[in-house]
Amino acid sequence: MTRETPVILVDMDGVLAAFDRAYFEMCAELGFEVDCELLDRKHRYSDAHIIDPAHRDLAYEEVCSPGWFISLPPEEGAIDGFHDLAELADLWICTKPMEANPTCRDEKARWIRAHLGKEWESRLILAPDKSMIRGDVLLDDAPKPRWVPRAEWRPVIFPHSFNGPGSKWESFPRWQWGDDPQALVDLALGGK
Ligand SMILES: [Mg+2]
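Conventions adopted
Every residue gets a number counted from 1 within its own chain, in the order that chain's sequence is written. Residue-level local features of this predicted model are given only where pLDDT is at least 70; pairs of side-chain atoms are given and counted only at 80 or more, and the full residue set underlies all totals for whole chains, interfaces and linings. Excluded from the side-chain calculation are hydrogens and water; included are all heavy atoms of the structure. Strands here mean DSSP runs of E at least two residues long; helices mean DSSP runs of H or I at least four residues long; both are numbered from the N terminus. Atoms counted for the radius of gyration: C-alpha only. Globule rule: 2.2 Å times the number of residues to the power 0.38. Only protein chains enter the accessibility calculation, which uses a 1.4 Å probe; a residue is then buried when its area is under 20% of its type maximum, exposed when over 50%, and partly exposed in between. Asp and Glu are treated as the negative residues and Lys and Arg as the positive ones, with His and the ends of the chain left uncounted. For this purpose, a charge sits on NZ of Lys, CZ of Arg, CG of Asp or CD of Glu. Coordinating donors are taken to be N, O and S atoms lying within 2.8 Å of the metal, or within 3.2 Å when the metal is Na, K or Ca; because water is excluded from the atom set, some sites may appear incomplete. Any carboxyl oxygen of Asp or Glu that lies within 4 Å of a side-chain nitrogen of Lys or Arg is treated as forming a salt bridge with it. We call two residues in contact when some of their heavy atoms are within 4.5 Å. For two strands to be treated as a pair, DSSP must find no fewer than two bridges joining them. Clockwise travel from the first strand over the helix to the second, with the strands pointing away from the viewer, marks a crossover as right-handed. Under the rule applied, a polar contact is a pair of N or O atoms within 3.5 Å (in protein, one hydrogen donor and one hydrogen acceptor; residues adjacent in sequence only if both atoms are side-chain atoms).

### Quick notes on the overall build of the chain
The secondary structure content of the chain amounts to five helices and five strands. Secondary structure elements in the chain, listed N-terminal to C-terminal, are β-α-α-α-β-α-β-β-β-α. Taking 2.2 N^0.38 as the reference for a compact globule, 192 residues should give roughly 16 Å; the C-alpha atoms of the chain span a radius of gyration of 17 Å, in line with that estimate. Across the 192 residues of the chain, 47% fall into the buried class. In the chain, 22 positive and 35 negative side-chain charges are present, and the distance between their average locations comes to 7 Å.

### Things to note about the coordination of the magnesium ion
Bound to the magnesium ion on the protein side are Asp11 (OD), Asp13 (O) and Asp141 (OD), at distances that span 2.1 to 2.2 Å. Mapped onto the polypeptide sequence, the residues donating to the magnesium ion form the spacing pattern D-x1-D-x127-D. What makes Asp11 buried here is its relative accessible area of 5%. Taking the relative accessible area as the measure of exposure, Asp13 reaches 18% and is therefore buried.

### A look at the pattern of salt bridges
Evaluated as defined, the whole model comprises eight salt bridges. Between Lys130 and Asp11 there is a salt bridge, and its shortest N-O distance comes to 3.1 Å. Of this pair, Lys130 sits in the loop between strand S3 (124–126) and strand S4 (137–140) while Asp11 sits in the loop between strand S1 (7–10) and helix H1 (19–30), and the two are 119 residues apart along the sequence. Between Arg41 and Asp20 there is a salt bridge, and its shortest N-O distance comes to 3.2 Å. Here Asp20 lies in helix H1 and Arg41 lies in the loop between H1 and helix H2 (53–63), a separation of 21 residues in the sequence. You can call Arg41 buried: its relative accessible area is 3%. One network of salt bridges, with partners in common, ties together Asp11, Lys130 and Asp140.

### A short note on the environment of Ala78
Along the polypeptide, Ala78 turns up in helix H3 (residues 78–86). In this structure the C-alpha to C-alpha distance between Ala78 and Tyr23, which are 55 residues apart in sequence, comes to 18 Å. Other than its neighbours up to four places away in sequence, Ala78 contacts Val15, Leu16 and Trp177.

### Some words on the pairing of strand S2 (residues 90–95)
Residues in a regular strand project their side chains so that they alternate between the two faces of the sheet. With five of six residues buried, S2 is to be regarded as a mostly interior element. By the bridge criterion, four bridges tie S1 to S2 in an arrangement that is parallel. Following the sheet pairing, Leu9 is matched in S2 by Trp92. As defined by bridge partners, S2 adjoins S3 across three bridges and the pair is classed as parallel. Bridging across to S3, Cys94 finds its partner in Ile125. Handedness of the β-α-β unit built from S2, helix H4 (residues 104–115) and S3 comes out right-handed.

### Looking at the side chain of Asn163
Its place among the elements puts Asn163 in the loop between strand S5 (154–157) and helix H5 (181–189). Look at Asn163 and you get buried, because its relative accessible area is 0%. Only 2.9 Å separates the side chain of Asn163 from the backbone nitrogen of His160, close enough to count as a polar contact. In this structure, Asn163 is in contact with Asp141, Ile157, Phe158, Trp169, Glu170 and Arg174, ignoring residues within four places of it in sequence.

Rendered as structure tokens:
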């Protein structure tokens, strides 16, 4: 690959896999009352929107259970958008595993096989600290600010209601599925 083909690291939860949509649906199914709509949430972690602390604990048990991660639906436009982006960039999937869920790592690999295709499984990087991974851009809905100074990559925010103006991610560029893939490539080639 030439220098004109940038390395883009793509986060899973909240970018490829619709973790919070599944979370809100689970709350509705189990009768856990929440204080806002999915698209209006202001907290990074959806459990903060559950009103009853006992329900919060029960929701955490669900998320820690085998089957949670493989059952997540794709974010809207993610599958087509990912393959379009792959025409222009060297894509790797970079995700922080949830250690409390014993099958999270395997289910993330299975999810990639099921939704993106078998050939993408070998491009899964499980990284508790994404600043350790090389790349030109990290497309992520909530990169940890402490990673940014020491990372090689430039953070690009995948927009949700919780990471917009007033949040700690407001100063970073933003890009989402459906936007022009070349715009993300240009951000990657523009340097940190
Ligand atoms: Mg994420």
